[in-house]
Amino acid sequence: MRRRAFLASVGGTAVTLSVAGCLGSGGAGTADDEYDIGMSTSAFRPAEFSVASGTTVVWKNTSKSTHTVTAYESAIPDEADFFASGGFESTKAARDGWLQNSGGGFSSNETYEHTFTVPGTYEYFCIPHEKTGMVGTIEVTENATRTPKTPVRTADGTPSGTDTE
């Protein structure tokens, strides 16, 4: 069973490490292609993303900076599950965790994923880079398809619009 199909069937949230050869095929068929949203030094790429209900979205830290993915609790649908790297249950808990010991942070090449089951708009941010504008939006609709299907790549095969610094 393909990894994304399996994750969509079990739902929930998980933090995973990208390990070459452990992920299913997608994009160009390498583990590096198994993400939907890249994280540059101070931006999510793309910042806006649309998916169908039941889709698991994967963020990958494509920079050298430590990042978080944290929902704005007041900016997700009422019926939706809160999501944050580190498994926190509220925006405040995620902020406190980050301030205490960089809780919820993940390093270069690590991933975080969340399955979106409730249609609506979800706004999220990176705690250490929120002030520099590292915010994103996920739009979940019944008839959306994953956009873009695979990360946009440059001629040399690296994700476009990402920083490695």
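My aim in this report is to walk through the structure given alongside it, one point at a time.

Cut-offs and rules
Residues numbered from 1 in each chain as written. Predicted model: local features only at pLDDT ≥ 70, side-chain atom pairs only at ≥ 80, totals over all residues. Heavy atoms only, no water. Helix = DSSP H or I, 4+ residues; strand = E, 2+ residues; numbered from the N terminus. Pairing = 2+ DSSP bridges. Core = buried A, V, L, I, M, F, W, Y, C linked by side-chain atoms within 4.5 Å. Buried < 20%, exposed > 50% of the residue type's maximum accessible area, 1.4 Å probe, protein only. Contact = heavy atoms within 4.5 Å. Arc of directions from axis to C-beta. Polar contact = N/O pair within 3.5 Å; in protein donor to acceptor, adjacent residues only side chain to side chain. Phe/Tyr/Trp six-rings, centres within 6.5 Å; stacked < 30°, edge-to-face > 60°.

1. As for the environment of Ala52
Mapped onto the elements of the fold, Ala52 is located in strand S4 (residues 48-52). Sequence spacing of Ala52 and Pro119 is 67 residues, and the spatial spacing of their C-alpha atoms is 7.9 Å.

2. Here's the deal with the pairing of strand S8 (residues 120-125)
Judged from the two bridges that link them, strand S6 (residues 70-71) and S8 form a sheet pairing that is antiparallel. The residue of S8 that forms the bridge with Ala71 is Tyr124. Where S8 and strand S9 (residues 135-141) come together, six bridges link them in antiparallel fashion. Pairing of Tyr122 across the sheet is with Ile138, part of S9.

3. Let's talk about the nonpolar core
One finds Phe44, Trp59, Val69, Phe83, Tyr122 and Ile138 to be the most contacted residues of the largest nonpolar core, which totals 28 residues. Secondary structure elements with two or more residues in this core: strand S2 (37-39), S4, strand S5 (55-61), helix H2 (91-101), strand S7 (110-116), S8 and S9. With three residues, the top contributor of residues to this core is S8. When sequence neighbours within four positions are dropped, the list of residues in contact with Phe83 reads Trp59, Val69, Thr70, Ala71, Ile76, Tyr112, His114, Phe116, Tyr122 and Tyr124.

4. Examining H2
Along an α-helix, residues three or four positions apart point the same way, because every turn accommodates 3.6 residues. Among the residues of H2, those classed as buried are Thr91, Ala94, Gly97 and Trp98. The buried residues of H2 all sit within an arc of 125 degrees when viewed along its axis, so they share a single face. In H2, the exposed positions angled more than 90 degrees off the buried face are occupied by Lys92, Leu99 and Gln100. Two residues or fewer after H2 comes Ser102, characterised by a positive phi angle close to 60 degrees.

5. Notes on the side chain of Thr68
Of note, Thr68 is situated in the loop between S5 and S6. Given the relative accessible area of 1%, Thr68 is considered buried. A polar side-chain atom of Thr68 sits 3.3 Å from a polar atom in the side chain of Thr70. There is a polar contact of 2.8 Å between the side chain of Thr68 and the backbone nitrogen of Ile127. Not counting residues within four places of it along the chain, the set of residues in contact with Thr68 comprises Met39, Phe44, Ser85, Trp98, Gly103, Gly104, Gly105, Phe106, Phe125, Cys126, Ile127 and Pro128.

6. Notes on the packing of aromatic side chains
For the coordinates displayed, the defined rule picks out 10 aromatic pairs. Geometrically, the ring pair formed by Phe44 and Tyr124 is edge-to-face, given 4.6 Å between the ring centres and 65 degrees between the ring planes. With Phe44 in strand S3 (residues 44-45) and Tyr124 in strand S8, this residue pair connects regions lying 80 residues apart in the sequence. With 6.0 Å between their ring centres and 25 degrees between their planes, Trp59 and Phe83 make a pair best called stacked. Of this pair, Trp59 sits in strand S5 while Phe83 is found in the loop between S6 and H2, placing the two residues 24 residues apart along the sequence. Here the two residues Trp59 and Phe83 agree in accessibility, since each one is buried. Among the aromatic side chains, those forming a connected cluster through ring pairs are Phe44, Trp59, Phe83, Tyr112, Phe116, Tyr122 and Tyr124.

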